[in-house]
Amino acid sequence: MSNSRTDRFSEKIVKIAPSGIRKFFDLVIGRDDIISLGVGEPDFPTPWVMREEAYYHLEQGHTSYTSNWGIQELRDEIAKYLTRYDLHYNSQDEVLVTIGVSEGIDAALRAILNPGDEIIICEPCYVSYQPLADLCDTKLIHLDTSKTGFYPTAEAIEKVITPKTKALMLCSPSNPTGRMIPVAELEKIAKVVKKHEIWVLTDEVYCELVYEDHKHTSIASFPGMKDYSIVLNGFSKAFAMTGWRIGFMTGPADLMDQVHKLHQYSAICAPIMSQYAALEGLKNGWKEVERMRVSYQQRRNLMYKAFINMGLPTIEPEGAFYIFPDIRKTGLTSEEFATELIEKYQVAVVPGSVFGQAGEGFIRCCYATDIIKIKEALNRMAKMVSELTK
Ligand SMILES: Cc1ncc(COP(=O)(O)O)c(C=O)c1O
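Residues numbered from 1 in each chain as written. Predicted model: local features only at pLDDT ≥ 70, side-chain atom pairs only at ≥ 80, totals over all residues. Heavy atoms only, no water.

**Q** So what's going on with the side chain of Thr202? Residues and values would help.
**A** Relative to the helices and strands, Thr202 is located in strand E6 (residues 199-203). Engagement of the side chain of Thr202 in a polar contact is seen with the side chain of Glu204, the distance being 2.6 Å. The contact partners of Thr202, leaving out residues within four places of it in the chain, are Leu170, Ile219, Ile230, Val231 and Leu232. (Helix = DSSP H or I, 4+ residues; strand = E, 2+ residues; numbered from the N terminus. Polar contact = N/O pair within 3.5 Å; in protein donor to acceptor, adjacent residues only side chain to side chain. Contact = heavy atoms within 4.5 Å.)

Put into structure tokens, the structure is as follows:
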């Protein structure tokens, strides 16, 4: 290498660790013998009506940029959709179409955090929260939810709030645990947020994938919460659109003004074909969403039963498509367990520790996988657990 400068890269980015999930994905690539319960994405293609709509626009030559905010008709439809959850946003200046929830999280954090601010991250949590907050020179307050059933309580949150606390990051239903924050607890958290005047970033990307009688509630829907809430949502999971890179965020107009600037300069707009497909999904894709949801629910039931039969303590997930069994009785760390499982039994899962220290002792299994493969993976896991615990 000819460039010998030692400061070629940003110190901040050098310090950021690559996603621990990727490491396990990479082990699976090109290995047909491995059953992967690792990747967190739907095993369905995007519903046909949506793909067809995208084809139509492609064929018509609709391949330009759109408004930075996103196509107005899509924003109107998003605002209409959110009223299902008692969320009321003006589609002109409070709804932004983003390049997935991922871009929304990044833009929201950068729009609100100053160096030295504190942000509370409820762990175990989705892998992007911590590094993206770190890049804002913020102080991360890791809230361990493993002792409270893997959801944060208002009491625990209030205990870690200081005058420097700027924001709280929530995710319900949760990746990696599938847990939902009970409505009564969410209401208490809303009171704490208002009392201390902090932002709450609420990642609701799994809100359509909830099972049995559970119903999603957004913290932003409680009285007076709109001014404190940033709602992050998208199409990747419910509409099986991970590769289209499309999501949205909503918040009060003055915040969205700031976020809009970031989005304008770093993204310009979400891909136009994805926007048209998403619009079609909101209008005519719901039957397909329901079909996929029911299928995930069946697979969740199968997995939950199997882990209980293996003797691994497991909380029945209420949403998303993950289950998070406790593997501590095997005597292995979650990383050791996942490594042995992939090497000796050819099943890929993600160690819980990837989602924060609070996930140590657990593994994340994604059940958005073919049911025959899930059954085989569970048989292999049962063998390993019985070997380790006999
Ligand atoms: C909780 C959570 N938030 C956000 C994302 C990213 O979503 P998107 O594809 O919309 O960027 C994921 C993806 O796995 C996720 O699990």
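**Q** How would you summarise the site of the ligand if you had to cite specific residues and measurements?
**A** Neighbouring the ligand are 13 residues; Ser102, Asp203, Tyr206, Ser236 and Lys237 lie closest to it. In this structure, an oxygen atom belonging to the ligand sits 2.6 Å away from a side-chain N or O atom of Ser236. Side-chain polar atom of Lys237 to an oxygen atom of the ligand: 2.6 Å apart, as the coordinates give it. In isolation the ligand exposes 400 Å². Once the protein is present, 93% of that is buried. The element best represented in the shell around the ligand is helix H5 (residues 100-112), accounting for three residues. Residues of the shell around the ligand, tallied by class, amount to six nonpolar, four polar and three charged. (Near = heavy atom within 4 Å. Areas by Shrake-Rupley, 256 points an atom, 1.4 Å probe, with all protein chains shown as cover. Nonpolar A, V, L, I, M, F, W, Y, C, P; charged D, E, K, R; others polar.)

**Q** Before we move on, can you summarise helix H4 (residues 72-82) with the specific residues and values?
**A** Looking at H4, one finds that the buried residues are Leu74, Arg75, Glu77, Ile78, Ala79, Tyr81 and Leu82. Tucked inside the fold, the buried residues of H4 contact strand E2 (95-98), strand E7 (229-234), strand E8 (247-250), helix H10 (272-284) and helix H11 (286-309). (Buried < 20%, exposed > 50% of the residue type's maximum accessible area, 1.4 Å probe, protein only.)

**Q** Outline the pairing of strand E12 (residues 363-366), listing residues and values.
**A** Neither face of E12 is open: one carries Ile363 and Cys365, the other Arg364 and Cys366, and all of them are buried. Strand direction decides the pairing type here: strand E9 (residues 322-323) and E12, joined by two bridges, are antiparallel. Residue pairing for E12: Tyr322 is matched across the bridge by Cys366. As paired elements, strand E11 (residues 350-351) and E12 share two bridges and run antiparallel to each other. From the neighbouring strand, Val350 faces E12, where its bridge partner is Arg364. (Pairing = 2+ DSSP bridges.)

**Q** Describe in detail the sheet that holds E11, supporting the description with residues and values.
**A** Pairing is antiparallel across the open sheet formed by three strands, whose spatial order is E9-E12-E11. Each edge of the sheet is formed by a strand with only one pairing partner; in this case those strands are E9 and E11.

**Q** I'd like to hear about the domain arrangement of the chain, residue by residue, with values.
**A** The domain architecture assigned to the chain consists of domain 1 (12-46 + 287-389) and domain 2 (48-285). Measuring from the centre of the C-alpha atoms in domain 1 to the corresponding centre in domain 2 gives 25 Å. Residue-level contacts link 38 residues of domain 1 with 40 residues of domain 2. The junction of domain 1 with domain 2 conceals about 3300 Å² of combined surface from both sides, 61% of it contributed by carbon and sulfur atoms. (Domains from an automatic or database assignment. Buried area = accessible area lost by both parts, 1.4 Å probe.)

**Q** Break down a nonpolar patch on the surface for me, with residues and values.
**A** Taken together, Phe9, Ile13 and Val14 make up a surface patch of nonpolar side chains, about 310 Å² in accessible area. Residue placement: Phe9 occurs in the segment before helix H1 (11-15). The exposure class of Phe9 is exposed, given its relative accessible area of 53%. (Patch = residues over 30% accessible without salt bridge, like charges linked within 9 Å, V, L, I, M, F, W, Y side chains within 5 Å. Salt bridge = Lys/Arg side-chain N within 4 Å of Asp/Glu carboxyl O.)

**Q** Could you give an account of a negative patch on the surface, naming the residues involved and the relevant values?
**A** A cluster of acidic residues, Asp93, Asp227, Asp254 and Asp257, forms a negative patch at the surface. Inspection of the secondary structure puts Asp93 in the loop between H4 and E2. (Lys, Arg positive; Asp, Glu negative; His and termini not counted. Charge placed at Lys NZ, Arg CZ, Asp CG, Glu CD.)

**Q** I'd like to hear about the sheet that holds E7, residue by residue, with values.
**A** Spatial strand order, E2-E8-E7-E6-E5-E3-E4: seven strands in an open sheet with mixed pairing. The open sheet has two free edges, formed respectively by E2 and strand E4 (139-144), since each of these has just one partner strand. Strand-to-strand twist of the sheet, defined as the mean angle between neighbouring strand axes without regard to direction, takes the value 20°. Sheet analysis places E6 next to E7, joined by four bridges and oriented parallel. Bridging from a neighbouring strand, Val200 pairs with Ser229 of E7. (Axes fitted to C-alpha atoms, helices over the stretch in contact; angles between N-to-C directions.)

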